[in-house]
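# Analysis of the macromolecular model
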Amino acid sequence: MDRVRILFVADLFGAAGRRALRDRLPDLNERYRPDFRIVNCENAAGGFGFTGKIAEELFEAGFDVLTGGNHSWDRKESLPFLRDRDRVLRPANFPAGTPGRGWGVYPIPSGGKIGVLNLMGRVFLEGADCPFRAADAVLPRIARETPILFVDMHAEATSEKVAMGWHLDGRVSAVIGTHTHVQTADERLLPGGTAYITDAGMTGPQDSVIGVKTELILKRFLTQMPVRFEASTRNPYVHGVVVDVDRETGRSLRIERIREPAAVETEEERSERE
């Protein structure tokens, strides 16, 4: 059986996440030998948005598509990439006229094509149209070109992500949840052949509160006073999943979680970063 292997790296968060990815990616490439690589980069620049420089670095590292979410527009430097680069996605269910695109069909270097669809939930998040109807509208257009379709479902509520998995089961290859930065242990193949996980996690500092310095978040909770968030750099990990998909049918064959610690930062690296 001919399969396509997709490596998805979960929410890339700040400098620590980028360092962890640089450190672990060569080993992940060697171990899994993915045919296609996707990374969610909406938190890549200090935890809020991404820059053109970061996007180019990710492409140079071998990623084929960059997905996003509610922070995709946080930095003005990202707008030209969202507008002009078809491999940089933001959620498809934003209103008409929003910069960027929410899906695309791309050649797989080993043969065939893959569709990538970026969606965002509406529970506890604002600004998006219905992701379920958006997916229904896009799927027939992608299916005309390829049976392989990967969905990044960027959402706050577990229930909304689980619902999307069932809604798309048998119609897409994978529904991978992002946004909460806490990796869940519910990876599975749904009955129709769709690989699913509620949240793939965060590629970033584990000694933090979902990426932000712990002491700042504790101060916010304890005092209820405004606090300026700063990205932590402590104990970074790479989180994500590997999904194997049948090239002919688009049904997933397996899904595996990734949770890899980065090497300990040297004093030289720390001084260069500071």
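Check the entry above for the structure.
This write-up is about the structure you can find in this document. (Residues numbered from 1 in each chain as written. Predicted model: local features only at pLDDT ≥ 70, side-chain atom pairs only at ≥ 80, totals over all residues. Heavy atoms only, no water.)

## Digging into the sheet that holds strand E7 (residues 174-178)
Here is the rule we go by: For two strands to count as paired, DSSP must find a minimum of two bridges between them. Secondary structure counts use DSSP, requiring at least four H or I residues in a row for a helix and at least two E residues in a row for a strand, with both numbered from the N terminus. The criterion used for residue contact is that any of the two residues' heavy atoms lie within 4.5 Å. Throughout, an axis means a line fitted to C-alpha atoms (over the contacting stretch in the case of helices), and angles, computed between N-to-C directions, take values from 0 to 180 degrees.
Pairing is mixed across the open sheet formed by six strands, whose spatial order is E4-E5-E6-E7-E9-E8. Each edge of the open sheet carries a strand with a single partner, namely strand E4 (103-107) and strand E8 (188-189). Strand direction decides the pairing type here: E4 and strand E5 (residues 113-120), joined by five bridges, are antiparallel. Across the sheet, the residue bridging to valine 105 is glycine 115, located in E5. Each of E4, E5 and strand E6 (149-154) touches helix H4 (residues 131-143); the most contacted strand, E5, lies at about 165° to it. With respect to the sheet, helix H5 (residues 158-168) is in contact with E5, E6, E7, E8 and strand E9 (195-197), its orientation differing from that of E7 by roughly 170°.

## Focus: the environment of valine 243
Among the secondary structure elements, valine 243 is positioned in strand E11 (residues 236-246). In sequence terms valine 243 and arginine 254 are eleven residues apart; their C-alpha atoms lie 5.8 Å from each other. Ignoring any residue separated from it by four or fewer positions in sequence, one finds valine 243 in contact with Val4, Arg5, Ile6, Ala174, Ile176, Ala195, Ser252, Arg254 and Ile255.

## Examining the pairing of strand E1 (residues 3-9)
Strand residues, when the strand is regular, have side chains that alternate between the two faces of the sheet. Heads up, the condition is: Each residue is assigned to one of three classes by its accessible area relative to the maximum for its type, calculated with a 1.4 Å probe on protein chains only: buried under 20%, partly exposed between the two thresholds, exposed over 50%.
Across the seven residues of E1, six count as buried, placing the element largely inside the fold. When E1 meets E11, the two strands line up antiparallel, connected through seven bridges. In the sheet register, isoleucine 6 faces E11, and the bridge partner there is valine 243.

## Some details on unusual backbone geometry
Unusually for a residue other than glycine, isoleucine 210 sits at a positive phi of about 45°. Tracing the sequence through the fold places isoleucine 210 in the loop between strand E10 (204-205) and helix H6 (214-223). Since its relative accessible area comes to 45%, isoleucine 210 is described here as partly exposed. A positive phi angle is found at asparagine 235, which is not glycine, with a value near 55°.

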